[in-house]
Amino acid sequence: MESKILLVAFIMLITSCTGEAQINRTKLGKVLEKVTTPAGGLSESEIVNGLKEALRVGISNGSAQASQTDGYYKNAYIKILFPPDAQRVEQRLRQIGLGNEVDRFILSLNRAAEDAAKKSKPIFIDAITTMTINDAVGILRGADTSATAYLRRTTNEELYNSFYPVVDSTLNLNEATRYYADLVNTYNKLPFVQKVNPDLKQYATQKAIDGLFVLIAEEEKKIRQDPAARVSDILRRVFGQAGQ
């Protein structure tokens, strides 16, 4: 009799859950069913650990590429150029013979990003320690760059706060801030031009972060699409069994 009462209470508890919670459980159950099998299948902890490992690999490779000399400057996908609203400044300055000064500024701008990228790895690693099973399942079944999107969502603010002083310091050390101010002030003195604000630190900081995420996204795609990029057993098991 007692067991029947307990069973009824359990059923009532289950059916009293909100519709949203029921949907979430159903969705999670379906996804887990696809990536687990009764014999030798993946546990929830293995899925989470596999996704964390994928992020660690992507982070390590991406940050290493970005922080090396010319990591930004010689990569056409992430090279930092003049701010969009100042591109007319670059064009006009090149027309009046200041091309070398413009090139020197762009080089200094990218050197600042390369220096800042060295600060990124600990921030990323800290972020992935809090990944939940719901995060992991969403990433595993998401788009080719859903892990990168997770990192951007959870780290962008902290990255910005960490990158800004490094970018600021390096821009000053390389005199990029002065180069830019001089170039923009020269441009602003030209007749009949729309004046431009010479402050670029916020722009440079966010572009440095954006470039880093581009590289990490490429690493994530490799792990999902190329079995050879799955450099550990847990990566091979999670992504292989999930049909990635």
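Keep in mind the model is a prediction, meaning the values are calculated, not measured. (Residues numbered from 1 in each chain as written. Predicted model: local features only at pLDDT ≥ 70, side-chain atom pairs only at ≥ 80, totals over all residues. Heavy atoms only, no water.)

Visitor: Would you take a moment to explain the nonpolar core for this structure?
Guide: The tendency in soluble globular proteins is for nonpolar side chains to be buried as a group. Of all hydrophobic cores here, the largest spans 59 residues; its most connected members are Leu-51, Tyr-72, Phe-82, Phe-105 and Leu-151. Non-local contacts of Leu-51, meaning those with residues more than four positions away in its chain, are made with Met-131, Ala-136, Ile-139, Leu-140, Val-238 and Phe-239. (Core = buried A, V, L, I, M, F, W, Y, C linked by side-chain atoms within 4.5 Å. Buried < 20%, exposed > 50% of the residue type's maximum accessible area, 1.4 Å probe, protein only. Contact = heavy atoms within 4.5 Å.)

Visitor: Help me out: how do you make sense of the packing of aromatic side chains in this one?
Guide: By convention here, two paired aromatic rings are described through the distance between centres and the angle between planes. As enumerated under the stated definition, the model contains three aromatic pairs in all. With 5.0 Å between their ring centres and 70° between their planes, Phe-82 and Phe-105 make a pair best called edge-to-face. Here Phe-82, found in the loop between α3 (44-67) and α4 (87-95), pairs with Phe-105, found in helix α5 (residues 99-117); they are 23 residues apart in sequence, far enough to count as distant. Taking relative accessible area as the criterion, Phe-105 reaches 0% and is therefore assigned buried. Looking at Lys-79, its charged tip hangs above the ring of Tyr-73, at a distance of 4.5 Å from the centre. (Phe/Tyr/Trp six-rings, centres within 6.5 Å; stacked < 30°, edge-to-face > 60°. Helix = DSSP H or I, 4+ residues; strand = E, 2+ residues; numbered from the N terminus. Lys NZ or Arg CZ within 6 Å of the ring centre and 35° of its normal.)

Visitor: Just checking my understanding: could you explain the side chain of Asn-75 for this structure?
Guide: Mapping Asn-75 onto the fold places it in the loop between α3 and α4. Filtering out sequence-adjacent residues up to four positions away, Asn-75 remains in contact with Asp-70 and Leu-215.

Visitor: Hey, could you run me through α5 in this one?
Guide: Given 3.6 residues per helical turn, the α-helix brings residues three or four places apart onto the same face. If you check α5, its first and last C-alpha atoms are 27 Å apart, about what 19 residues at 1.5 Å a residue would give, namely 27 Å. Within the sequence span of α5, burial applies to Gly-99, Val-102, Phe-105, Ile-106, Ser-108, Leu-109, Asn-110, Ala-112, Ala-113, Glu-114, Ala-116 and Ala-117. For α5, the secondary structure elements touched by its buried residues are α3, α4, α6 (120-128), α8 (146-173), α9 (176-188) and α10 (201-225). (Expected span 1.5 Å × (residues − 1).)

Visitor: Honestly, the pattern of salt bridges in this entry has me stumped. Any pointers?
Guide: Opposite charge on two side chains lets them pair, provided their charged atoms get close. Tallied over the full model, the rule gives 11 salt bridges. With a closest N to O distance of 3.2 Å, Asp-210 and Arg-152 form a salt bridge. Of this pair, Asp-210 sits in helix α10 while Arg-152 sits in helix α8, placing them 58 residues apart in sequence. Given the relative accessible area of 24%, Asp-210 is considered partly exposed. (Salt bridge = Lys/Arg side-chain N within 4 Å of Asp/Glu carboxyl O.)

Visitor: Would you explain the confidence of the model for the protein chain in this entry?
Guide: Predicted coordinates in areas of low pLDDT are best not read in detail. Model confidence for the protein chain is summarised by a mean pLDDT of 75, while 79% of its residues fall at 70 or above. Looking across the protein chain, the model is least confident in helix α1 (residues 2-15), with a mean pLDDT of 35, and most confident in α5, with 89. Here residues 1-40 is a poorly scored stretch, pLDDT under 50, and it has 29 contacts once near neighbours within four places are set aside; other chains count. (pLDDT = per-residue confidence, 0-100.)

Visitor: Even after reading the chapter, I still don't get the environment of Ile-223, so can you show me in this structure?
Guide: Within the element layout of this structure, Ile-223 appears in helix α10. Accessibility expressed as a relative area gives 3% for Ile-223, which makes it buried. Distance from Ile-223 to Asp-144, taken between C-alpha atoms, is 9.4 Å for residues 79 residues apart in sequence. Beyond its immediate stretch of four places on either side in the chain, Ile-223 contacts Ala-54, Val-57, Ala-229, Arg-230, Leu-235 and Phe-239.

Visitor: Teacher, can you tell me more about the side chain of Lys-52 here?
Guide: Looking at the secondary structure, you find Lys-52 in helix α3. No salt bridge is formed by the buried Lys-52, whose closest oppositely charged neighbour, Asp-135, lies at an N-O distance of 8.8 Å. Sequence-distant contacts of Lys-52, that is, excluding residues within four places in its chain, are made with Ile-128, Thr-129 and Met-131. (Lys, Arg positive; Asp, Glu negative; His and termini not counted.)

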